[in-house]
Amino acid sequence: MVRDEDMVKGRICARCGRSVDRVIRGLCSSCFAEVYGVAKLPNQVNLVICRYCGSIRVKGVWSRGVEDSIEDTIRDVMFTILTEKLRPVEGLDYAWIDNVKIIPELHGPGIYSIIATIKGESEDVGISEDRVIRLKLDVGVCPACTNKITKRGYNAIVQVRSSSGKLSEEQRRGLERVLARLDPGIRSSIISIEEGRNGIDLLVDEISSARIIASKISSEMLGKTVEAYKLVGRRSDGKRKGRLTISVRLPDVKSGDVIRIGTKRYLIFGLGRGGLIAFNMEKGIEETIGTEDLWGRGFEHDQGVLSAKLLLVYKGNDTVLFTDPSRPEALVEYPISHVRTMVDGLREGFLYKVIRYGKLIYVIEELGMGVQENG
Ligand SMILES: [Zn+2]
Ligand SMILES: [Zn+2]
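Residues numbered from 1 in each chain as written. Chains lettered and ligands numbered in written order. Predicted model: local features only at pLDDT ≥ 70, side-chain atom pairs only at ≥ 80, totals over all residues.

Teacher, can you tell me more about the overall build of the chain here?
Broken down by element type, the chain carries eight helices and 26 strands. At 30 Å, the chain has a C-alpha radius of gyration far larger than the 21 Å of a compact globule built from 375 residues. Its C-alpha atoms put the chain at 85 × 80 × 40 Å along the principal axes. Counting all 375 residues of the chain, 28% fall into the buried class. If you take every contact in the chain between residues at least 6 apart in sequence, the share linking residues at least 24 apart comes to 51%. (Helix = DSSP H or I, 4+ residues; strand = E, 2+ residues; numbered from the N terminus. Rg over C-alpha atoms; globule rule 2.2 N^0.38 Å. Buried ≥ 20, exposed ≤ 12 C-beta atoms within 10 Å, placed from the backbone. Contact = placed C-beta atoms within 7 Å.)

I would appreciate a short explanation of the sheet that holds strand E12 (residues 190–195) in the present structure.
Across a sheet, paired strands are connected by hydrogen bonds in the backbone, their directions being either parallel or antiparallel. Taken in spatial order, the five strands make up an open sheet running E12-E13-E11-E15-E14, and their pairing is mixed. If you trace the sheet from one side to the other, it starts and ends with E12 and strand E14 (224–234), each paired once. In this sheet, adjacent strand axes meet at a mean angle of 20° when their direction is disregarded. Sheet topology places strand E11 (residues 156–162) next to strand E13 (residues 200–204); five bridges connect them, and they run antiparallel. Paired with Gln159 across the bridge in E13 is Asp201. (Pairing = 2+ DSSP bridges. Axes fitted to C-alpha atoms, helices over the stretch in contact; angles between N-to-C directions.)

What am I meant to see in the packing of helix H5 (residues 169–180) against helix H7 (residues 207–221) here?
Geometrically, a packed helix pair is captured by the angle between its two axes and the distance between the axes. Here H5 crosses H7 at 130°, and the two axes come no closer than 10 Å. In terms of axis orientation, H5 runs oblique to H7. The handedness of the crossing between H5 and H7 comes out as right-handed. Seen from H5, the contacting residues are Gly174, Leu175 and Val178; seen from H7, they are Lys216, Ile217, Glu220 and Met221. A class-by-class count of the residues in the contact of H5 with H7 yields four nonpolar, one polar and two charged. (Parallel < 35°, antiparallel > 145°, perpendicular 65-115°, else oblique. Left-handed = near helix turned anticlockwise from the far one by under 90°. Nonpolar A, V, L, I, M, F, W, Y, C, P; charged D, E, K, R; others polar.)

Where do I start with the confidence of the model for the chain in this structure?
Predicted coordinates in regions of low pLDDT should not be interpreted in detail. Of the residues in the chain, 94% reach a pLDDT of 70 or more, and the chain-wide mean stands at 87. Counting contacts from residues 1–8, a segment whose pLDDT is below 50, to residues more than four positions away or on other chains yields two contacts. (pLDDT = per-residue confidence, 0-100.)

Sorry, what's going on with the pairing of strand E10 (residues 125–140) here?
Where strand E4 (residues 44–50) and E10 come together, seven bridges link them in parallel fashion. If you follow Asn46 over to E10, its bridge partner there is Lys136. Pairing between strand E9 (residues 110–122) and E10: 13 bridges, direction antiparallel. Note that in E10 the partner of Ser122 across the bridge is Val125.

How should H7 be read in this particular structure?
Given 3.6 residues to a turn, an α-helix orients residues that are three or four positions apart in the same direction. For H7, which comprises 15 residues, the first-to-last C-alpha distance of 21 Å matches the rise-based estimate of 21 Å (1.5 Å per residue) to within 8%. Along H7, the residues classified as buried are Ser209, Ala210, Ile213, Ala214, Ile217 and Ser218. Down the axis of H7, the buried side of the element spans an arc of 160°, and every buried residue falls inside it. Residues of H7 that are buried in the fold lie against E11, H5, helix H6 (184–187), E13, E14 and strand E15 (240–250). (Expected span 1.5 Å × (residues − 1). Arc of directions from axis to C-beta.)

Hey, could you run me through the nonpolar core in this one?
Soluble globular proteins: nonpolar side chains tend toward being buried together. The biggest cluster of nonpolar side chains holds 55 residues, and the ones touching the most others in it are Val38, Met78, Ala156, Val158, Val160, Val204 and Ala210. If you tally residues by element for this core, the top one is helix H3 (residues 70–85), at six residues. (Core = buried A, V, L, I, M, F, W, Y, C linked by C-beta atoms within 7 Å.)

Where do I start with the environment of Val232 in this structure?
When you line up the elements, Val232 lands in strand E14. Among residues more than four places away in sequence, those in contact with Val232 are Lys241, Gly242 and Arg243.

Any chance you could explain the pairing of E11 here in plain terms?
Two faces make up the sheet, and in a regular strand the side chains alternate between them. Of all the seven residues making up E11, seven are buried; the element is thus mostly covered by neighbouring parts of the structure. Every second residue of E11 is oriented toward a common face, with Ala156, Val158, Val160 and Ser162 on one face and Ile157, Gln159 and Arg161 on the other, all of them buried.

Explain unusual backbone geometry to me, please; I cannot follow it from the model alone.
It is generally the case that most residues other than glycine have a negative phi and that most peptide bonds are trans. A positive phi angle, close to 50°, is found at Arg25, a residue other than glycine. Of note in this structure, Asp124 is not a glycine but carries a positive phi near 75°. Locating Asp124 in the fold gives a position in the loop between E9 and E10. The exposed category is assigned to Asp124, around which 9 C-beta atoms lie within 10 Å.

Before we go on, may I ask you to explain the sheet that holds strand E20 (residues 300–301) in this structure?
Across the sheet, which stays open at both edges, the five strands sit in the order E19-E18-E17-E16-E20 with antiparallel pairing between neighbours. At either margin of the open sheet sits one strand with a lone partner, and together these are strand E19 (285–289) and E20. By the bridge criterion, four bridges tie strand E16 (residues 258–261) to strand E17 (residues 264–272) in an arrangement that is antiparallel. Residue pairing across strands places Ile259 opposite Tyr266, the latter belonging to E17.

And the structure:
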């Protein structure tokens, strides 16, 4: 609402010259925010997160977040810490933290940037500022988990392995993401995560939790699980004590690989909902390979189908023309209907990784601007 009084009070900002209703110390609110800021805040906040249960240590005290994800919990904690530490700059009546954002997305320990939106007020004039604050996130083990590890045994092991014998970086990251999204109650049942040369072992306190974890991993990463129960001794009451081992094998396939399932050949596009998205190379159509299809009859990498690097020299409405950069005189022509592509758009003058198979050409990856070699 604009009162007459305010109109009379119209002022000129001493810095930018804009005419505004009210000034704070001679400046408009955006100039004031730029020159003085809205509030005093620390430049960096250090937190420690428990690697097993996701509890966070703030000023020596460990506490479990109430939010579902670690990222939400940390945002919550940052909000509280910053609100506590914040002091409005001189000239403002109030200041508060309006919003906290983590950039980039939180994946694990490391250094992150937090963008805090700070708002303030001086005699009804609102003022706002975005401030970048460093978050240093370390991993540790909270006392509750230390207790569990030393006092309680584990009743199950989830062994995560790759079909190729060695987990790839991509698979390790994928596994980390699956574990980070587990329900906190289930996540806390993981007593220890042991990284070995062949893969990762999760030591789990309860068999039922281990089954949930294994099925989560295999459904999200298209794995195959096999259970084995082993006797490991007798308990004090004479009953036999056993331990369940669940092996989760992840398929070592990535975008651009050609695999054979039975007599069918597939060019892998990527992991989608419900399975691997792939081109059936016999038919030239996209299909989804589910867990059953993949593991039921077994699959193998087809090393016989080779890829090539070709330069796209022309793309018309009906046809495309490629050349081999080392033999630019030889043109390779395909009708558009025979081109299957895994890249966003075909661009003339660019090199592509392709597979020529039957009547079709599959464009797998763009390799950058092409250079024609002479001779
Ligand atoms: Zn100004
Ligand atoms: Zn813990």
